[in-house]
Amino acid sequence: MIRSTVAVRSIVLGIGLLGLALAIPLNRGQAGPDATSAERKPAVLRGDSDVVTRVGNDSCLARGCHGAVGPSDPTTGHFYFKGGEASTWRTFDPHARAYEVLLNSRSVKIGERLKVEMKGQKPHRAKLCLDCHSPGLDVKLEEERDHAAVAVGAGVDCEACHGNASRWLAPHVSATWPQSTDKTSSDLKASYGFKPILALEERAKLCVSCHVGDPTKQVNHDLIAAGHPRLLFELDSSLSALPRHWQEPHEKPNATVGPTDFHAKAWAVGQVVTTEALLDLLKMRSQAASQGTAPWPEFAEYDCFACHHNLATPSWRQAVPSGRTPGSLPWGSWNLSSVKALGQISSNAKVTDKPFPLDVLMAEMSQPTPDTSKVSRLADTASVWVKSLRDSGKLASMDVKRVESLILALRNPAAKPENWDEAVARMLGLVSLSKAQVDLGGQPIGQDLSREIESLKRSLQFPSGFDSPKVFQP
Ligand code: HEC
Ligand code: HEC
Ligand code: HEC
Ligand code: HEC
């Protein structure tokens, strides 16, 4: 039990992020500028090439570019200042130390336990880990240079999120680079390989590629059992937890957008995109399992506490209100309840559809040995349903009425949380939606809602001695 909670320790809530961020020294090792800039120059000049390649962080970190030193003040949560984006990233952002993490003792232990899967490689050299922790690192180059255990990787760096820069580096400092954020401008920038991540949907897809996984990279129960934290993602709280080096459109000094539905939209878009990513992963896993190359069913997709808990009689776990057979595997506990709530405000993706694709899939996944080809098919059908939710246009803008109906849907007594995952998901949803309700000029949060959020928070805490969240500050 104790170790199972290791994995949920650092979930979306970003607990302790500030303390962690503050511990990052200013002069952490980056790729050595002298050795690398000469090799990288040709790539910069290849402005017209069709091949988009990495340029490396050094190009962004200069003081006159994004590396200005300025008035970040973590005590007030004020991290953004123009021209200082790279300084904020380097000093405060956990992504800047994602490579160094692979050298710490926890990673070394994970590596030892997964010796076979890692083919004898150390975590900081293994594709399995680098794909998420330092996607730009050229392992071959590093080995040639024999950089034994020096922190040379840049972690999750500028290009990991903004796109490889060989084609956009030169144009983006020219006067003709569009400053506006309309569709034509962002299409133009995208044609240079610059990722359009201002729109929440595109941004969510970027985050979930590492924070949920995709068919090319994942954190499964093998990695978790070896010591990796469990991956749980919720967009709005993750954005709040990051020391952001940018301003959202409504935060800009010349903002034209008024009272904002940002938190509601970020929550809703995040739920939908996360669910799509989970379904893609499920499909990939079911196909790999049918070829005998992956464990099945994949335990990381179920409620952890279904298997990792102390046995007690009587236990609240024995009361399963949804009618699931006691003892069956609770799949999809992380976000199904939230997407179902979203279905209630959508006109073309109905939760009343019979049979309801997510329930059919859940029923199959609750079997001791789900049928892999059936699951693959059902995941496709469920994806179509979730996509229709995204396309319904209801997520594009939220008014007070929609936000209030979502709060009601989440608080529906018939959808009472059945486990820890559902309770966290519900709490995060209620927090984001109630922020939006206030921002949109709706009713101030009622006492009963804030009482419910507080009581959810309390119920989610673990006793001391557990390597788990002790306080919740979404
Ligand atoms: C699918 C992407 C992905 C893969 C693959 C992956 N990680 Fe991670 N890792 C993450 C994310 C995301 C986090 C942050 C989790 C959180 O706190 O929410 C993380 C966190 C960690 C942490 C905890 C860091 C801390 O600050 O406490 C360690 C240690 C770690 N990873 C090591 C590894 C090792 C070793 C491997 C390879 C065996 C690996 N990771 C593979 C995405 C990944
Ligand atoms: C984890 C992903 C991530 C990483 C890593 C990252 N960024 Fe960003 N960045 C974003 C997002 C999301 C935005 C907001 C959307 C936008 O403005 O396109 C943003 C916005 C920006 C902006 C616009 C700021 C504003 O509001 O005026 C600049 C400039 C920028 N980033 C530079 C950098 C630099 C330089 C680095 C590397 C040191 C970097 N970013 C690393 C995700 C990232
Ligand atoms: C290339 C992979 C990658 C991408 C893309 C990415 N992240 Fe991360 N993220 C990581 C890894 C790896 C860590 C763990 C780093 C560490 O422990 O120092 C992490 C850590 C975090 C943390 C701190 C988690 C914790 O519990 O301490 C937050 C918050 C976060 N990411 C949010 C985001 C958001 C929001 C986006 C999208 C804008 C994003 N990330 C995009 C890989 C990624
Ligand atoms: C279907 C049952 C099942 C589910 C669901 C499950 N696990 Fe496990 N887990 C196991 C088994 C079996 C072992 C191996 C126990 C042993 O070796 O003694 C294990 C081992 C582990 C270990 C290492 C050993 C230990 O007990 O500390 C960790 C950590 C862990 N699981 C975390 C998780 C997390 C986090 C989740 C949810 C994402 C999860 N597990 C979901 C069955 C499950």
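Just above, that's the structure.
This text gives an overview of the structure that appears in the document. Keep in mind the model is a prediction, meaning the values are calculated, not measured.

## Quick notes on the pattern of salt bridges
Okay, so step 1: Under the criterion given, the structure shown has 21 salt bridges.
Okay, so step 2: Each of Arg203, Arg244, Glu248 and Glu251 takes part in one network of salt bridges that share partners.

## Here we look at the coordination of the iron atom of ligand 3
Okay, so step 1: At the metal site, the iron atom of ligand 3 is ligated by His95 (NE2) and His211 (NE2), and these contacts range over 2.0 Å.
Okay, so step 2: Classification of the site at the iron atom of ligand 3 rests on its six donor atoms, whose angles at the metal span 87 to 180 degrees, yielding the label octahedral. One end of the pair, His95, is in the loop between α5 (85–92) and α6 (105–113); the other, His211, is in helix α12 (residues 200–211), and 116 residues separate them in sequence.
Okay, so step 3: By relative accessible area, His95 is classed as partly exposed at 21%.
Okay, so step 4: Residue classification places His211 among the partly exposed positions, given a relative accessible area of 34%.

## What about helix α11 (residues 183–191)?
Okay, so step 1: Of the residues flanking the start of α11, the one acting as N-cap is Asp182, its side-chain oxygen 3.3 Å from the backbone nitrogen of Thr184.
Okay, so step 2: A positive phi of about 90 degrees marks Gly193, the residue just after α11.

## As for the packing of helix α18 (residues 357–365) against helix α19 (residues 372–391)
Okay, so step 1: Interhelical geometry of α18 versus α19 gives an angle of 155 degrees and a closest axis separation of 8 Å. With respect to their mutual orientation, α18 and α19 come out roughly antiparallel. Considering only the axes of α18 and α19, their crossing is left-handed. Between α18, through Pro357, Leu358, Val360, Leu361, Glu364 and Met365, and α19, the contact on the second element is made entirely by Lys374, Val375, Leu378, Ala379, Thr381, Ala382 and Trp385.
Okay, so step 2: A class-by-class count of the residues in the contact of α18 with α19 yields 10 nonpolar, one polar and two charged.

## Examining the environment of Gly67
Okay, so step 1: Mapped onto the secondary structure, Gly67 falls in the loop between α4 (58–61) and α5.
Okay, so step 2: Classification of Gly67 by relative accessible area gives buried; the value is 8%.
Okay, so step 3: Gly67 sits 15 residues away from Lys82 along the chain, and the two C-alpha atoms are 9.7 Å apart.

## Details of the site of ligand 2
Okay, so step 1: Near ligand 2 lie 19 residues; those nearest to it are Cys158, Cys161, His162, His245 and Lys252.
Okay, so step 2: Here an oxygen atom of ligand 2 and a side-chain polar atom of Tyr80 are 3.3 Å apart.
Okay, so step 3: Lys252 has a polar side-chain atom sitting 2.8 Å from an oxygen atom of ligand 2.
Okay, so step 4: Elements with a contribution of two residues or more to the shell around ligand 2: α5 and α9 (158–162).
Okay, so step 5: Partitioned by chemical class, the residues of the shell around ligand 2 number 10 nonpolar, five polar and four charged.

## Some remarks on α19
Okay, so step 1: Its 20 residues give α19 an end-to-end C-alpha distance of 28 Å, which sits within 8% of 28 Å, the value for a rise of 1.5 Å per residue.
Okay, so step 2: Thr372, Val375, Ser376, Leu378, Ala379, Ala382, Ser383, Trp385, Val386, Ser388, Leu389 and Arg390 are the residues of α19 that are buried.
Okay, so step 3: Structurally, the start of α19 carries an N-cap: the backbone nitrogen of Ser373 is 3.0 Å from a side-chain oxygen of Asp371.
Okay, so step 4: Remark: Gly393 follows α19 within two positions and exhibits a positive phi of approximately 85 degrees.

## Quick look at the side chain of Asp261
Okay, so step 1: By secondary structure assignment, the location of Asp261 is in the loop between α14 (235–241) and α15 (262–290).
Okay, so step 2: For Asp261, a relative accessible area of 11% puts it in the buried group.
Okay, so step 3: In terms of polar contacts, Asp261 uses its side chain to reach the backbone amide nitrogen of Met398, at 2.8 Å.
Okay, so step 4: For Asp261, the contacting residues outside a window of four places in its chain are Ala396, Ser397, Met398 and Leu440.

What counts, and at which threshold
Residue numbers run consecutively from 1 along every chain, following the written order of its sequence. Written order determines the labels here, with chains lettered from A and ligands numbered from 1. The predicted origin of the model limits local features to residues at a pLDDT of at least 70 and limits the giving and counting of side-chain atom pairs to 80 or more, whereas totals for whole chains, interfaces and linings rest on all residues. Calculated side-chain values reflect all of the structure's heavy atoms, with hydrogen atoms and water omitted. Basic side-chain nitrogens of Lys or Arg form a salt bridge, by our definition, when they fall within 4 Å of a carboxyl oxygen of Asp or Glu. Shown as donors are all N, O and S atoms within 2.8 Å of a metal ion, widened to 3.2 Å for Na, K and Ca; because water is not in the atom set, sites may appear incomplete. All geometry calls rest on donor angles, where a four-donor set with angles between 85 and 135 degrees is tetrahedral, four- and six-donor sets with opposite donors more than 155 degrees apart and all others between 65 and 115 are square planar and octahedral, and all else is irregular. Strands here mean DSSP runs of E at least two residues long; helices mean DSSP runs of H or I at least four residues long; both are numbered from the N terminus. Under the scheme applied here, a residue whose accessible area is under 20% of the maximum for its type counts as buried, over 50% as exposed, and between as partly exposed, the area being computed with a 1.4 Å probe on protein chains only. Two N or O atoms count as a polar contact when they lie within 3.5 Å, although within protein this holds only if one can serve as hydrogen donor and the other as acceptor, and sequence-adjacent residues are included solely when both atoms are side-chain atoms. What counts as an axis is a line fitted to C-alpha atoms, over the stretch in contact for a helix, and the angles between N-to-C directions run from 0 to 180 degrees. Angles below 35 degrees are treated as roughly parallel, those above 145 as roughly antiparallel, those between 65 and 115 as roughly perpendicular, and all remaining angles as oblique. The sense of a crossing depends on the near helix, which, turned anticlockwise from the far helix by less than a right angle, makes the crossing left-handed and, turned clockwise, makes it right-handed. Contacts: residue pairs with any heavy atoms within 4.5 Å of one another. Classification used: nonpolar for Ala, Val, Leu, Ile, Met, Phe, Trp, Tyr, Cys and Pro, charged for Asp, Glu, Lys and Arg, polar for all others including Gly. A single heavy atom is enough: if one lies within 4 Å of a molecule or strand, its residue is considered near that molecule or strand. Helix span, as expected, comes to 1.5 Å for every residue beyond the first.

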